[in-house]
Amino acid sequence: MKRFVLGLLAATAMTATAHAETPAIVYDLGGKFDKSFNEAAYNGAEQFKEETGTDYVEFEIQNEAQREQALRRFAERGHSPVIIAGFSAAQAVEKVAQEFPETNFAIIDMVVDQPNVRSVVFKEQEGSYLAGIMAAKASETGTVGFVGGMNVPLISAFACGYVGGVKSVNPDAEVIVNYTGDTPAAWNDPVRGGEITNAQISQGADVVYAAAGGTGIGVLQAAADADKLSIGVDSNQNHLQPGSVLTSMLKRVDVAVMEAMKDGTEGEFTTGVQVLGVAEDGVGVAVDENNESLLTDEMMQAVEEAREKIISGEIEVHDYRTDNNCPYGSVG
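Scoring rules and cut-offs
- Residues numbered from 1 in each chain as written.
- Predicted model: local features only at pLDDT ≥ 70, side-chain atom pairs only at ≥ 80, totals over all residues.
- Heavy atoms only, no water.
- Domains from an automatic or database assignment.
- Contact = heavy atoms within 4.5 Å.
- Buried area = accessible area lost by both parts, 1.4 Å probe.
- Salt bridge = Lys/Arg side-chain N within 4 Å of Asp/Glu carboxyl O.
- Polar contact = N/O pair within 3.5 Å; in protein donor to acceptor, adjacent residues only side chain to side chain.
- Helix = DSSP H or I, 4+ residues; strand = E, 2+ residues; numbered from the N terminus.
- Buried < 20%, exposed > 50% of the residue type's maximum accessible area, 1.4 Å probe, protein only.
- Axes fitted to C-alpha atoms, helices over the stretch in contact; angles between N-to-C directions.
- Parallel < 35°, antiparallel > 145°, perpendicular 65-115°, else oblique.
- Left-handed = near helix turned anticlockwise from the far one by under 90°.
- Nonpolar A, V, L, I, M, F, W, Y, C, P; charged D, E, K, R; others polar.

1. Details of the domain arrangement of the protein
When the parts of a complex come together, some accessible area is lost, and that lost area is often used as the size of the interface.
Okay, step 1: If you check the domain split of the protein, you get domain 1 (24-123 + 254-278) and domain 2 (124-250 + 281-322).
Okay, step 2: The C-alpha-based centres of domain 1 and domain 2 are spaced at 26 Å.
Okay, step 3: Contacts between domain 1 and domain 2 engage 16 residues on the former and 25 residues on the latter.
Okay, step 4: Of the roughly 1,600 Å² buried at the junction of domain 1 and domain 2 (both faces included), carbon and sulfur atoms supply 58%.
Okay, step 5: Put simply, domain 1 and domain 2 have zero salt bridges between them.
Okay, step 6: The interface formed by domain 1 and domain 2 contains 13 residue pairs in polar contact (both at pLDDT 80 or more).

In structure tokens form, the structure reads like this:
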């Protein structure tokens, strides 16, 4: 099948020759090559294509209005399932899913209660807790940092889990928490990410966790330039600054996208809410040749013990989104 990479004007100019019954994916602001959340979604789509030989169509939005436009155009062309990445798409999915009840939709990072929608959400707090353990074990100053993207409850859930993991190792540790901004532009501002990281380093932070989409690239770069450690997010970002990225908190958006596409094309698409945490291998920490030299047996033993306790229920990592509160410490 011919593959269509949709450009800026594609929301209003999708070609009529697109094949129906193929999946479609709409990326969030920041672009599919953000090295983080969107790129994980893209990698899942590519893995689907490689494994099945079936193509897909895609669209990178440039503004908020294009979410609804892209969803509607894909549904009009007969694509199914239509997948969209990002919590901000919830209202658009809610509306378009009702307009096209025979089309299957999937949304990543938010719940939309419609009979033809699969909602995939993650227990980011659990993976961040493990990353926090690693940060505390690696820190020599007792001060670590967190740079979030847009200041929303989802990112505060990352921060809260991280603080919890840090404090489980060192109750006296200081965790500096900052966000890049209050608008979607916060996801794609690596310069600002670097500035915040440098400010945290000046306050003593020697490990900085970025949960900020494309902005995180600046965090990782600034930490490497200062000979400090960083932690990546969503995709495995260890390779971006080898020997400087302590780990990456993996959020398996790629698996969620691949499975949605595969289920749709095989007639096995299910709707409702899927919740993926440590127990489901939906979140975790990355270990590879780029960060192995930074890890100790003690650190990884502590991570494994915590992972097992989370799965068993002995450790229940608080989800900030349930009450907008973090019992481990302030998250901004």
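Moving on, there is more to tell.
2. Observations concerning the environment of Glu308
Okay, step 1: Residue placement: Glu308 occurs in helix 10 (residues 297-312).
Okay, step 2: Owing to a relative accessible area of 45%, Glu308 belongs among the partly exposed residues under this scheme.
Okay, step 3: Separated by 211 residues in sequence, Glu308 and Ala97 have C-alpha atoms that sit 39 Å apart.

3. Let's talk about the packing of helix 5 (residues 124-138) against helix 10
Okay, step 1: Viewed as axis vectors pointing N to C, helix 5 and helix 10 meet at an angle of 155°, and their least axial separation amounts to 9 Å. Looking at the two axes, helix 5 sits roughly antiparallel to helix 10. Seen from above, helix 5 lies across helix 10 with right-handed handedness. For the pair helix 5 and helix 10, contact is made by Glu126, Tyr129, Leu130, Ile133, Met134, Lys137 and Ala138 and by Glu298, Met299, Met300, Ala302, Val303, Ala306, Arg307 and Ile310, respectively.
Okay, step 2: Looking at the contact of helix 5 with helix 10 residue by residue, the classes come out as eleven nonpolar, no polar and four charged.

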